[in-house]
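The chain contents come next:
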Amino acid sequence: MSAETPVQSTGTFTRLRLRFRDWRGTRPFWAGLFTLLGGIPIAYFPYATLKLGHMSLAMATTAGAGSLIIGVLLFTLGLTMWFQSATRVFAGVAAILLALVSLVISNIGGFLIGFLLALIGGALALSWAPGEPPAEAAGEHDDANAPTGDAIPDDSVQDPTTGEQFPPASFEKREDGEADGVRAAGGHRVG
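The following paragraphs examine the structure supplied in this document. (Residues numbered from 1 in each chain as written. Predicted model: local features only at pLDDT ≥ 70, side-chain atom pairs only at ≥ 80, totals over all residues. Heavy atoms only, no water.)

1. What to know about a nonpolar patch on the surface
Right, so step 1: Taken together, the side chains of Trp30, Ile108, Leu112, Leu116, Ile120 and Leu124 present a nonpolar region at the surface, about 550 Å² in accessible area.
Right, so step 2: Per element, the largest residue contribution to the nonpolar patch is 3 residues, and it comes from helix H6 (residues 113-127).
Right, so step 3: As for its placement among the helices and strands, Ile108 is situated in helix H5 (residues 107-111). (Patch = residues over 30% accessible without salt bridge, like charges linked within 9 Å, V, L, I, M, F, W, Y side chains within 5 Å. Areas by Shrake-Rupley, 256 points an atom, 1.4 Å probe, with all protein chains shown as cover. Salt bridge = Lys/Arg side-chain N within 4 Å of Asp/Glu carboxyl O. Helix = DSSP H or I, 4+ residues; strand = E, 2+ residues; numbered from the N terminus.)

Laid out in structure tokens, this is it:
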């Protein structure tokens with residue numbers, strides 16, 4: 001390899017992965033994913049038919065429409081958390097409430113699978129906070145924050161424990177010229 005060898009740029013997969021990572025970091029991604037996944041079993045199980053050998057077991061209930069509505073709402077709330085992160089608090093509270101309602105309406109919340117996923121997703125949405133923008137590079141400063149190169153004089157450095165006391169202490173001198181002690185604010189002698 002010589003100095004004239006061109007540097008290979010990153011591949012398409014690496015660029016897409018890095019862009020996805022940046023996108024994921026600016027929104028409650030995991031909250032949306034758990035909420036979205038929580039809606040699937042809640043909506044699916046009331047309409048599912050299980051086959052065990054020659055026997056088929058239908059789990060359809062009279063509340064199948066309610067289960068479908070709850071599942072679709074949870075799915076929509078998960079997408080809302082991804083694409084409208086400003087509404088994360090509303091979406092998180094709504095996801096928790098829908099998860100609790102699904103316990104009664106939809107086969108114990110999609111056999112507890114959908115309930116737990118939606119509950120965790122709602123809690124993650126409530127606890128997520130946007131991150132701070134990245135700090136500036138080491139050599140770049142705004143004019144107001146730029147270091148001036150002036151050092152602090154040694155005599156201006158103060159120990160925080162010896163700072164100004166409240167109320168200020170006052171020494172009284174006795175007749176022979178020595179300090180008698182400290183008077184507190186109420187006039188009582190201290191020391």
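2. Focus on the nonpolar core
Right, so step 1: With 14 residues, the main nonpolar core has Ile70, Leu74, Leu77, Met81, Ala95 and Leu98 as its most contacted residues.
Right, so step 2: Within the residue set of this core, elements represented by two or more residues are helix H2 (29-44), helix H3 (64-83), helix H4 (88-105) and H6.
Right, so step 3: Ranked by residues supplied to this core, first place goes to H4 with 5 residues.
Right, so step 4: When residues no more than four places from it in sequence are discounted, the contact partners of Leu98 are Ile70, Leu73, Leu74 and Leu77. (Core = buried A, V, L, I, M, F, W, Y, C linked by side-chain atoms within 4.5 Å. Buried < 20%, exposed > 50% of the residue type's maximum accessible area, 1.4 Å probe, protein only. Contact = heavy atoms within 4.5 Å.)

3. Thoughts on the packing of aromatic side chains
Right, so step 1: Across all of its chains, the model carries 10 aromatic pairs by this definition.
Right, so step 2: Measuring from ring centre to ring centre gives 6.2 Å for Trp23 and Trp82, while their planes differ by 70 degrees; the resulting arrangement is edge-to-face. Taken as a pair, Trp23 in helix H1 (residues 12-25) and Trp82 in helix H3 lie far apart in primary sequence, 59 residues in all.
Right, so step 3: Residue classification places Trp23 among the partly exposed residues on the basis of a relative accessible area of 26%.
Right, so step 4: Here the aromatic cluster, defined as three or more aromatic residues joined through ring pairs, consists of Phe20, Trp23, Phe29, Trp30, Trp82 and Phe83. (Phe/Tyr/Trp six-rings, centres within 6.5 Å; stacked < 30°, edge-to-face > 60°.)

These values are about where atoms sit, not about what they do.
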